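# Understanding the architecture of this molecule
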Amino acid sequence: MTKVLYKTKMKLMNETYILSLVGRIHRQGNRFIESELRERNIKDIAPSHGDILFRLYQQESLTMHELSKLIDRDKSTVTVLVDKMVKKGYIRKEKDLKDTRIYRLTLTEKGYDLRKVFEEISDSLIDKIYSKFAIEEKKQIIELLRKIEF
């Protein structure tokens, strides 16, 4: 193998490794969340519901379209996730009063009751992720990851 070909191959492996590493970190985060939920005996919420809860904690009411854009998921995926959460009693899905083609999402009391647990797990995950970083390193890694985002 020539030096140029070797260098090209190594460069591609390193670039692929970045994507692999980001994926692995994401999976580890999900496993951490699942473990924390199990410890708290919460069995009907998955990490994929976290983005939805987070957004509804920030805004009292969202349309399916708004939620889909905010969590960067296609509408069909959001519909499946929301329907599961409605069925389990965390979210209310009601037709908009002004436009009955649109559904509005709000949290139920059960959804609001989960907020403290959600915030505790989120804080624990953030602490776990950043525990080895100095403040400047935290800023730098966020800046670098934002450059990757497209």
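Cut-offs and rules
Residues numbered from 1 in each chain as written. Predicted model: local features only at pLDDT ≥ 70, side-chain atom pairs only at ≥ 80, totals over all residues. Heavy atoms only, no water. Helix = DSSP H or I, 4+ residues; strand = E, 2+ residues; numbered from the N terminus. Rg over C-alpha atoms; globule rule 2.2 N^0.38 Å. Buried < 20%, exposed > 50% of the residue type's maximum accessible area, 1.4 Å probe, protein only. Contact = heavy atoms within 4.5 Å. Areas by Shrake-Rupley, 256 points an atom, 1.4 Å probe, with all protein chains shown as cover. Lys, Arg positive; Asp, Glu negative; His and termini not counted. Charge placed at Lys NZ, Arg CZ, Asp CG, Glu CD. Arc of directions from axis to C-beta. Core = buried A, V, L, I, M, F, W, Y, C linked by side-chain atoms within 4.5 Å. Axes fitted to C-alpha atoms, helices over the stretch in contact; angles between N-to-C directions. Parallel < 35°, antiparallel > 145°, perpendicular 65-115°, else oblique. Left-handed = near helix turned anticlockwise from the far one by under 90°. Nonpolar A, V, L, I, M, F, W, Y, C, P; charged D, E, K, R; others polar. Pairing = 2+ DSSP bridges.

Now for the overall build of the chain. Assigned secondary structure in the chain consists of seven helices and three strands. Going residue by residue from the N terminus, the α and β elements of the chain occur as α-α-β-α-α-β-β-α-α-α. Whereas a compact globule of 150 residues would reach a radius of gyration of roughly 15 Å, the chain reaches 20 Å, over 25% beyond that. Projecting the C-alpha coordinates of the chain onto the three principal axes gives extents of approximately 65 × 35 × 30 Å. Relative to its full complement of 150 residues, the chain shows a buried share of 25%. Sequence-distant contacts in the chain: of pairs separated by 6 or more residues, those separated by 24 or more amount to 50%. Roughly 11,400 Å² of accessible area belongs to the chain as shown, and the carbon and sulfur atoms make up 55% of that amount. Where the 32 positive side-chain charges of the chain centre and where its 24 negative ones centre are 6 Å apart.

Here helix H3 (residues 64-71) has its buried residues at Met64, Leu67, Ser68 and Ile71. For H3, the arc enclosing every buried residue in end-on projection is 100°, short of the 170-degree limit, so these residues lie on one face. The inward-facing, buried residues of H3 contact helix H2 (50-58), strand S1 (62-63), helix H4 (75-87), strand S2 (91-95) and strand S3 (103-107). Of the residues flanking the end of H3, it is Asp72, one or two places downstream, whose phi is positive at about 55°.

Counting residues in each nonpolar core, the largest one holds 23 residues, and the members touching the most others are Ile52, Leu67, Ile91 and Leu114. Contributing elements (two or more residues each) for this core: H2, H3, H4, S3 and helix H6 (115-130). With residues up to four places along the chain from it excluded, the contact list for Leu114 reads Ile42, Ile45, Leu53, Tyr57 and Tyr90.

The next thing to look at is the packing of H2 against H3. Contact pair H2 / H3: the axes reach a minimum separation of 10 Å and the direction vectors enclose 115°. When the axis of H2 is compared with that of H3, the two are roughly perpendicular. When the axes of H2 and H3 are compared, the crossing they make is right-handed. Judged by residue contacts, Asp51, Ile52 and Arg55 of H2 engage Leu67, Leu70 and Ile71 from H3. Split by residue class, the contact of H2 with H3 holds four nonpolar, no polar and two charged.

Ordered in space as S1-S3-S2, the three strands form an open sheet in which the pairing is antiparallel. Since the sheet does not close on itself, it has two edges, and those belong to S1 and S2, each with one partner. By the bridge criterion, two bridges tie S1 to S3 in an arrangement that is antiparallel. For Thr63, the partnering residue across the bridge sits in S3 and is Arg104. Contacts between H2 and the sheet are confined to S1, S2 and S3, with S3 contributing the most and set at about 85° to the helix.

Attention shifts here to the side chain of Ser68. Note on placement: Ser68 falls in helix H3. The class for Ser68 is buried, based on a relative accessible area of 9%.

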